[in-house]
Amino acid sequence: MIGNPAYPTYQVFLAVGIAALVTGLLMPFFIRLMRHEGVGQQIRADGPQRHLVKQGTPTMGGIIILVGVLVSTALIAQWTPGLIAAVVVTLVTGSLGLLDDIESVAHGRSLGLTPSQKMAGLILISIAFCLVAVNVCGVAPSIRFPGGFAIDLGVLTTTLDIAGTQVSVPWLYLIFVFLLMAGLSNAVNLTDGLDGLAGGCSMVVMLVMAMVAFRYNELDLAIFAASIAGACIGFLWHNCYPASIFMGDTGSLALGAALAALAILTRTEVTSLIMGGVFVCEALSVMIQVTSFKLTGKRVFLMTPIHHHFEQMGWAETKVVIRFWIVSAAFAALGFALFFQLG
């Protein structure tokens with residue numbers, strides 16, 4: 001463990017710096033490796049035509065993001081049960097994304113695992129995480145809203161005796177955790193469609209989540225969130241337009257799962273959705289588009305996810321990305337302000 005524990009703020013900022021440095025320095029070697037192995041991104045044929053030039057750009061940069069996060073966290077933080085749970089769920093979800101990326105590259109198509117395969121993986125991951133959060137980390141199965149209002153999702157709880165250990169299974173909260181984790185993982189994945197978009201928005205949200213965890217005296221979770229923000233910074237050096245590498249599902253699914261895990265462990269499930277408002281809007285745009293087309297045969301947006309809508313309107317890719325960063329910062333600030341209104 002490095003950094004003086006007497007100065008926790010210093011440790012959080014140090015985590016950002018170490019993760020950014022590790023990720024930024026390792027990424028060029030990884031890019032060369034991916035180019036040598038011919039591992040490149042498969043671009044959607046039905047996406048914006050201007051994106052076809054990105055075909056073959058090295059992908060799976062999420063691997064190095066996770067390496068940067070792990071190195072920084074391991075050097076600075078203490079391994080509390082909550083931190084272990086957050087790190088494990090991030091790595092396991094990232095591994096699911098890695099399988100998806102490998103499948104996509106191996107078959108030369110933009111789609112990897114089937115939706116049912118992804119969903120099955122996310123179900124297992126979210127169930128395991130929820131049970132650990134409730135029974136090991138002491139997370140109460142309830143949802144808190146700004147203003148002090150709360151909903152108890154532990155009313156339908158089954159207690160099992162497993163090898164002499166009492167295990168509580170809060171069924172309603174189990175469903176909620178799955179929806180939150182699967183929703184955020186897929187939302188970040190949908191956001192990852194422009195150079196620097198998902199990485200920049202994740203960086204903003206994770207910096208605020210670090211402040212939330214720090215405010216709750218969860219220093220180790222704050223260091224973890226700060227490490228993710230730092231790793232995103234190191235990644236953005238190589239992912240900014242025109243991108244030299246993409247994070248792939250390895251990175252996007254892991255980042256979404258990390259945000260969900262931090263939200264649950266800090267009891268900020270609702271405000272985290274506001275902080276990650278850009279991710280939520282990206283996912284909602286796809287849902288609205290699909291629903292509208294099925295019911296009426298008409299599209300609400302020119303193309304979804306919604307960042308493509310603005311591209312189709314004529315906005316340059318860099319303009320869309322920077323403006324979405326600004327909107328993400330506004331959402332994060334709003335969520336952080338409402339965080340202080342939690343009961």
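Scroll up a little and you will see the structure.
Thresholds, definitions, all that
- Residues numbered from 1 in each chain as written.
- Predicted model: local features only at pLDDT ≥ 70, side-chain atom pairs only at ≥ 80, totals over all residues.
- Heavy atoms only, no water.
- Pairing = 2+ DSSP bridges.
- Helix = DSSP H or I, 4+ residues; strand = E, 2+ residues; numbered from the N terminus.
- Buried < 20%, exposed > 50% of the residue type's maximum accessible area, 1.4 Å probe, protein only.
- Phe/Tyr/Trp six-rings, centres within 6.5 Å; stacked < 30°, edge-to-face > 60°.
- Lys NZ or Arg CZ within 6 Å of the ring centre and 35° of its normal.
- Axes fitted to C-alpha atoms, helices over the stretch in contact; angles between N-to-C directions.
- Contact = heavy atoms within 4.5 Å.
- 1 Å grid on protein atoms, 1.4 Å probe; cavity = no way out; pocket = protein on both sides within 12 Å on 5 of 7 lines; lining within 4 Å.
- Points joined across faces, edges and corners; volume = space filled by probe spheres on them.
- Nonpolar A, V, L, I, M, F, W, Y, C, P; charged D, E, K, R; others polar.

Enquirer: Is there a simple way to explain the pairing of strand 3 (residues 157-162) in this structure?
Expert: Residues in a regular strand project their side chains so that they alternate between the two faces of the sheet. Relative to strand 4 (residues 165-170), strand 3 runs antiparallel, the two sharing six bridges. Bridging across to strand 4, Leu 160 finds its partner in Val 167. The hairpin turn running from strand 3 into strand 4, its antiparallel successor, is two residues long, and Ala 163 in that turn takes a positive phi close to 55°.

Enquirer: Which parts of the structure should I look at to understand the environment of Lys 54?
Expert: By the secondary structure assignment, Lys 54 is in the loop between helix 1 (8-37) and helix 2 (62-76). Judged by relative accessible area, which is 10%, Lys 54 ranks as buried. Distance in space between the C-alpha atoms of Lys 54 and Gly 40 is 9.1 Å, their sequence separation being 14 residues.

Enquirer: Would you mind showing me how to read unusual backbone geometry here?
Expert: Leave glycine aside and you will find that most residues have negative phi; peptide bonds, for their part, are mostly trans. Residue Pro 242 follows Tyr 241 across a cis peptide bond; omega there is -10°. The topology assignment puts Pro 242 in the loop between helix 7 (219-239) and helix 8 (248-265). Residue Pro 305 follows Thr 304 across a cis peptide bond; omega there is 0°. Looking at the secondary structure, you find Pro 305 in the loop between helix 10 (277-296) and helix 11 (306-312). Non-glycine residue Ala 163 carries a positive phi angle of around 55°. Looking at the secondary structure, you find Ala 163 in the loop between strand 3 and strand 4.

Enquirer: Even after reading the chapter, I still don't get the packing of aromatic side chains, so can you show me in this structure?
Expert: The description of an aromatic ring pair rests on the distance of the ring centres and on the angle between the ring planes. This model, assessed by the stated rule, comprises eight aromatic pairs. Both rings, one in Tyr 173 and one in Phe 176, keep their centres 6.0 Å apart while their planes meet at 25°; by these two values the pair is stacked. Here Tyr 173 and its partner Phe 176 are both found in helix 5 (residues 171-191), three residues apart, which amounts to about one turn of the helix. A relative accessible area of 18% places Phe 176 in the buried class. A ring pair is formed by Phe 339 and Phe 340, whose centres lie 5.0 Å apart and whose planes are at 65°; its orientation type is edge-to-face. Across from the ring centre of Trp 315, 4.7 Å away, lies the NZ or CZ of Arg 323, which sits over that ring.

Enquirer: Can you walk me through the packing of helix 10 against helix 12 (residues 317-339) in this structure?
Expert: Helix-helix packing: each pair is described by the crossing angle between the helix axes and the interaxial distance. In the contact formed by helix 10 and helix 12, the axes pass within 8 Å of each other and the chain directions differ by 115°. Along the contact surface, helix 10 presents Gly 277, Val 278, Cys 281 and Glu 282, while helix 12 presents Phe 324, Val 327, Ser 328 and Phe 331.

Enquirer: In this structure, what is going on with the side chain of Thr 90? I would like to understand it.
Expert: Tracing the backbone through its elements, the reader meets Thr 90 in helix 3 (residues 81-107). Excluding its chain neighbours within four sequence positions, the residues that come into contact with Thr 90 are Leu 66, Phe 224, Ala 254 and Ala 258.

Enquirer: Just checking my understanding: could you explain empty space enclosed by the protein for this structure?
Expert: If you roll a probe as big as a water molecule over the atoms, it shows you where there is empty space left. Under the counting rule described, the total for this entry stands at two cavities of 30 Å³ or more. Reported here for the largest cavity is a volume of approximately 40 Å³. Lining the largest cavity we find Leu 66, Val 69, Leu 70, Val 87, Thr 90, Leu 91 and Phe 224. In this structure, the second largest cavity encloses a volume near 30 Å³. Lining the second largest cavity are Leu 66, Val 69, Thr 90, Ile 228, Ala 254, Leu 255 and Ala 258. At the level of secondary structure, the elements contributing two or more residues to the lining of the second largest cavity comprise helix 2 and helix 8. Within the lining of the second largest cavity, the residues separate by chemical class into six nonpolar, one polar and no charged.

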